[in-house]
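# Reading the structure
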Amino acid sequence: MAVDVLLGLQWGDEGKGKIVDYLAPQYDLICRFQGGPNAGHTLIFDDKKFVLHTIPSGIFREGLINLIGNGVVIDPITLRAEIEEIKAAGVDPDGRLLVSKKAHLILPTHRLLDQASELSKGKNKIGSTLRGIGPTYMDKTGRNGLRVGDILESGFERKYNELKDKHLGLLKIYPEFSYDLQKAEAEWMESLDILRSLEAVDCAYYLNDALAQGKEILAEGAQGSMLDINFGTYPFVTSSTTLSAGVCIGLGLAPATIREVIGIAKAYCTRVGSGPFPTELHDEDGERLRKEGKEFGATTGRPRRCGWIDIPQLKYTIMLSGVTQLALTKIDVLDIFETIKVATKYKMPTGQETDQLPFDLNDNNCVPILEDHAGWQQSLHDATDFDTLPATAKNYILALEAHLGTPITYVSNGPERSRLIERT
Ligand code: GDP
Ligand code: IMO
Ligand code: MG
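Let me sum up the structure you'll find in this document. (Residues numbered from 1 in each chain as written. Chains lettered and ligands numbered in written order. Predicted model: local features only at pLDDT ≥ 70, side-chain atom pairs only at ≥ 80, totals over all residues. Heavy atoms only, no water.)

### Looking at the coordination of the magnesium ion (ligand 3)
The protein atoms that coordinate the magnesium ion (ligand 3) are Asp 13 (OD) and Gly 40 (O), at distances of 2.1 to 2.2 Å. Taken together, the residues span a long stretch of sequence, with Asp 13 in the loop between β1 (3-8) and α1 (16-23) and Gly 40 in the loop between β2 (29-32) and β3 (41-45) at a distance of 27 residues. Since its relative accessible area comes to 22%, Asp 13 is described here as partly exposed. Its relative accessible area of 11% is what places Gly 40 among the buried residues. (Donors = N, O, S within 2.8 Å, 3.2 Å for Na, K, Ca; no water. Helix = DSSP H or I, 4+ residues; strand = E, 2+ residues; numbered from the N terminus. Buried < 20%, exposed > 50% of the residue type's maximum accessible area, 1.4 Å probe, protein only.)

As structure tokens, this is what we get:
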């Protein structure tokens with residue numbers, strides 16, 4: 001009947017995979033609408049852990065369709081590895097995993113261009129996951145890209161070679177970058193078979209028909225709102241629209257089909273890669289957050305930068321996507337803290353206080369004003385009910401809710417599927 005959206009409100013890794021996996025049984029279809037294998041969505045259940053990069057996080061729930069939408073960029077090599085992993089876990093993707101014919105393909109040379117570009121930027125690098133995301137979206141908007149539908153048509157090899165040759169020409173502007181394409185190219189070509197074996201659909205017709213039949217759809221965001229190409233911390237962003245607006249263009253659904261927008265935020269904040277991060281901690285508290293939260297990238301293994309939760313930042317991303325309810329994750333990571341801090345405003349170089357994000361979020365422009373909250377200093381890992389949480393934990397959650405003016409309907413207190421407190 002309608003589309004609900006679930007998306008990250010910070011710089012990614014908010015726990016989207018876990019929450020989508022939890023909510024999935026309420027829906028008929030789970031759809032990824034943007035991003036690609038730069039994403040790493042972790043699911044933990046029955047003592048097993050999976051990290052999904054391209055496949056939507058509803059795949060382990062029986063009877064649901066999972067769709068990779070037209071706004072996604074697909075690397076057939078990563079997709080094949082993921083499909084092998086889910087098959088080994090007993091999931092048959094046949095008829096359960098669909099792909100849009102209009103989704104763009106990440107070529108081996110897109111990855112090379114990403115690597116060469118990052119290398120050439122030196123200290124100013126974006127900190128990309130080097131999965132070829134930027135160059136693939138560049139070819140999409142530059143009207144050069146290859147799409148899933150192309151691999152089903154004759155003439156694909158010619159189109160592939162034309163684009164590859166173009167990329168090899170571009171790589172010449174990075175003479176210091178050396179590469180070996182042969183092995184990756186052979187693997188890529190082989191991986192196309194598995195992509196061909198999936199049901200390829202016209203995503204817009206397929207999903208609008210599903211809605212007409214009364215089906216419920218959950219759109220799963222990747223990355224986070226602060227990595228959005230238009231409204232994020234440009235140029236330290238990804239190359240897609242990570243906001244709720246991305247659902248429309250990434251799936252072919254009209255704005256009025258969207259019902260709830262569930263925004264996810266960690267009870268603190270992290271970022272991986274370069275770029276501004278006003279509440280980042282460079283002290284022992286930052287280390288404690290990293291250690292307790294196991295804050296290492298699910299895709300690249302890089303240590304994540306850690307800091308306190310940032311109210312102006314969250315108010316901004318709630319506004320951008322019209323968030324109607326919030327999921328607060330990793331509350332248990334704060335169990336060990338005596339005092340928990342919350343950035344409520346920024347102090348500008350003029351001395352003025354603001355709760356709006358300036359054009360440039362650098363350290364001088366955004367000195368966070370921090371509010372102290374008493375910690376609970378006990379484990380929340382086994383909590384199942386909001387009312388029985390320690391008063392200090394309830395106060396923290398209620399204070400965030402009041403600052404953000406948006407109901408916190410889910411509180412996640414552990415990485416496992418079962419660790420979730422629902423507030424009605
Ligand atoms: P995503 O990209 O938004 O899906 O998030 P990631 O999977 O990259 O990172 C979130 C990490 O936190 C993963 O290791 C999850 O298993 C873990 N996680 C999710 N929710 C919770 C939680 O409530 N508490 C704890 N301690 N870990 C969580
Ligand atoms: P999920 O879906 C966290 C970051 C990279 C880099 C910038 C650009 O797991 O939350 P790209 O590879 O897109 O060119 O990288 O964006 N980034 C992410 N950070 N979680 C992600 O995805 C990310 N996807 C990209 O670290 O700073
Ligand atoms: Mg992640």
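Having seen the model, we can carry on.
### Considerations on the side chain of Thr 109
Relative to the helices and strands, Thr 109 is located in helix α3 (residues 108-121). Side chain to side chain, Thr 109 and His 167 meet in a polar contact 2.7 Å long. Not counting the four nearest positions on each side in its chain, Thr 109 is found in contact with Lys 164, His 167, Leu 168 and Leu 181. (Polar contact = N/O pair within 3.5 Å; in protein donor to acceptor, adjacent residues only side chain to side chain. Contact = heavy atoms within 4.5 Å.)

### A short note on the sheet that holds strand β19 (residues 408-412)
Across the sheet, 10 strands lie side by side as β9-β7-β5-β2-β10-β1-β11-β15-β19-β20; this open sheet has mixed pairing. The strands lining the two open edges of the sheet, one partner per strand, are β9 (199-201) and β20 (420-422). Averaged over neighbouring strand pairs, the angle between their axes works out to 25° when direction is ignored. Of the pairings in the sheet, the one linking β2 to strand β10 (residues 217-220) comprises 4 bridges and is parallel in character. Following the sheet pairing, Cys 31 is matched in β10 by Ala 219. In this fold α1 packs onto β1, β2, β10, β11 (258-266), β15 (325-329), β19 and β20, with an angle of close to 155° to the strand it touches most, β1. (Pairing = 2+ DSSP bridges. Axes fitted to C-alpha atoms, helices over the stretch in contact; angles between N-to-C directions.)

### Considerations on the state of the cysteines
One covalent bond between the sulfur atoms of two cysteine residues makes up a disulfide. One pass over the full model with this rule turns up 0 disulfides. Cys 203 provides the cysteine sulfur closest to Cys 31, a residue in no disulfide bond, and the two sulfurs are 6.6 Å apart. Taking the relative accessible area as the measure of exposure, Cys 203 reaches 2% and is therefore buried. (Disulfide = S-S within 2.5 Å.)

### Let's talk about the site of ligand 2
Of all residues adjacent to ligand 2, which total 21 residues, the nearest are Lys 16, His 41, Thr 129, Gln 223 and Thr 238. Within the backbone of Ile 126, a nitrogen or oxygen atom sits 3.4 Å from an oxygen atom of ligand 2. When ligand 2 is considered free in solution it has 550 Å² of accessible area, and contact with the protein chains removes 97% of it. Grouping the constituent residues of the shell around ligand 2 by class yields 8 nonpolar, 10 polar and 3 charged. (Near = heavy atom within 4 Å. Areas by Shrake-Rupley, 256 points an atom, 1.4 Å probe, with all protein chains shown as cover. Nonpolar A, V, L, I, M, F, W, Y, C, P; charged D, E, K, R; others polar.)

### Quick look at the pattern of salt bridges
Counted under the stated rule, the structure contains 24 salt bridges. The salt bridge partner of Arg 305 is Glu 280, with a shortest N-O separation of 2.8 Å. On the criterion of sequence distance, the pair formed by Arg 305 in strand β13 (residues 305-307) and Glu 280 in the loop between β12 (269-271) and α10 (284-292) is long-range, its members being 25 residues apart. The network of salt bridges with common partners includes Asp 13, Lys 266, Glu 295, Arg 304 and Lys 330. (Salt bridge = Lys/Arg side-chain N within 4 Å of Asp/Glu carboxyl O.)

### Section: the environment of Val 201
For Val 201, the position within the fold is in strand β9. The class of Val 201 is buried, set by a relative accessible area of 7%. C-alpha separation for the pair Val 201 and Asp 372, spaced 171 residues apart in sequence, amounts to 51 Å. With residues up to four places along the chain from it excluded, the contact list for Val 201 reads Leu 67, Leu 98, Val 99, Ser 100, Lys 101 and Tyr 206.

### Comments concerning the site of ligand 1
In the vicinity of ligand 1 there are 19 residues, among which Gly 15, Lys 16, Thr 42, Asp 332 and Ser 412 approach most closely. Residue Glu 14 places a main-chain N or O atom 3.1 Å away from an oxygen atom belonging to ligand 1. Between ligand 1 and the protein, one listed contact pairs an oxygen atom with a backbone N or O atom of Lys 16 at 2.7 Å. Notes on ligand 1: free accessible area 590 Å², of which the protein chains cover 93%. Looking at the shell around ligand 1, the elements that each hand over two or more residues are α1 and β3. Across the shell around ligand 1, the residue classes tally to 4 nonpolar, 8 polar and 7 charged.

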